[in-house]
Amino acid sequence: MKIANLKCPKCEHQQKIEIPEDKCLAFYECEHCHETILVPKDSKNCCVICEYSDKKCPVAREA
Ligand SMILES: [Zn+2]
């Protein structure tokens, strides 16, 4: 199990999330402010792991 340290762009709360083995994480719900976080439309990143955490998702690593 791989863990990413993800920072909420709304409230800047740091939280640990599990990185899926074989897919992007398209959105997540912040455990602090309960906002549903999505990747911005104009972002180059494919998912919230790539966009907001210190890790890359498995899909991005292969690309
Ligand atoms: Zn938050």
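Structural data are supplied above this passage.
What this report covers is the structure whose coordinates are included nearby. Keep in mind that what you see is a predicted model, and the values were worked out from it rather than measured.

Quick look at the overall build of the protein chain now. From N to C terminus, the protein chain includes two helices and four strands. The order of helices and strands in the protein chain, counted from the N terminus, is β-β-β-β-α-α. Here the C-alpha radius of gyration of the protein chain, 11 Å, is about what a compact globule of 63 residues would show, namely 11 Å. If you line up the protein chain on its principal axes, its C-alpha atoms span 30 × 30 × 15 Å. Across the 63 residues that make up the protein chain, the buried fraction comes to 32%. Considering only residue pairs separated by 6 or more positions, the protein chain has 31% of its internal contacts joining residues 24 or more positions apart. Taken as a whole, the protein chain presents about 4,400 Å² of accessible surface, with 50% of it coming from carbon and sulfur. With 10 positive and 11 negative side-chain charges, the protein chain shows a separation of 4 Å between the mean positions of the two kinds.

Our next topic: the pairing of strand E2 (residues 14–19). Relative to E2, strand E1 (residues 2–7) runs antiparallel, the two being bridged by six bridges. In the sheet register, Lys-2 faces E2, and the bridge partner there is Ile-19. The hairpin formed by E1 and E2 contains six residues between the paired strands, and Glu-12 there has a positive phi angle of roughly 65°.

Coordination of the zinc ion by the protein involves Cys-8 (SG), Cys-11 (SG), Cys-30 (SG) and Cys-33 (SG), with metal-donor separations of 2.3 Å. Of note, the donors binding the zinc ion are all from one chain and are spaced C-x2-C-x18-C-x2-C. Note that Cys-8 is positioned in the loop between E1 and E2 and Cys-30 in the loop between strand E3 (27–29) and strand E4 (36–38), a separation of 22 residues in sequence. Per residue, the accessibility class of Cys-8 equals that of Cys-30, and both read buried.

Calculation criteria
Residues numbered from 1 in each chain as written. Predicted model: local features only at pLDDT ≥ 70, side-chain atom pairs only at ≥ 80, totals over all residues. Heavy atoms only, no water. Helix = DSSP H or I, 4+ residues; strand = E, 2+ residues; numbered from the N terminus. Rg over C-alpha atoms; globule rule 2.2 N^0.38 Å. Buried < 20%, exposed > 50% of the residue type's maximum accessible area, 1.4 Å probe, protein only. Contact = heavy atoms within 4.5 Å. Areas by Shrake-Rupley, 256 points an atom, 1.4 Å probe, with all protein chains shown as cover. Lys, Arg positive; Asp, Glu negative; His and termini not counted. Charge placed at Lys NZ, Arg CZ, Asp CG, Glu CD. Pairing = 2+ DSSP bridges. Donors = N, O, S within 2.8 Å, 3.2 Å for Na, K, Ca; no water.

Read these as spatial facts, not as claims about activity.
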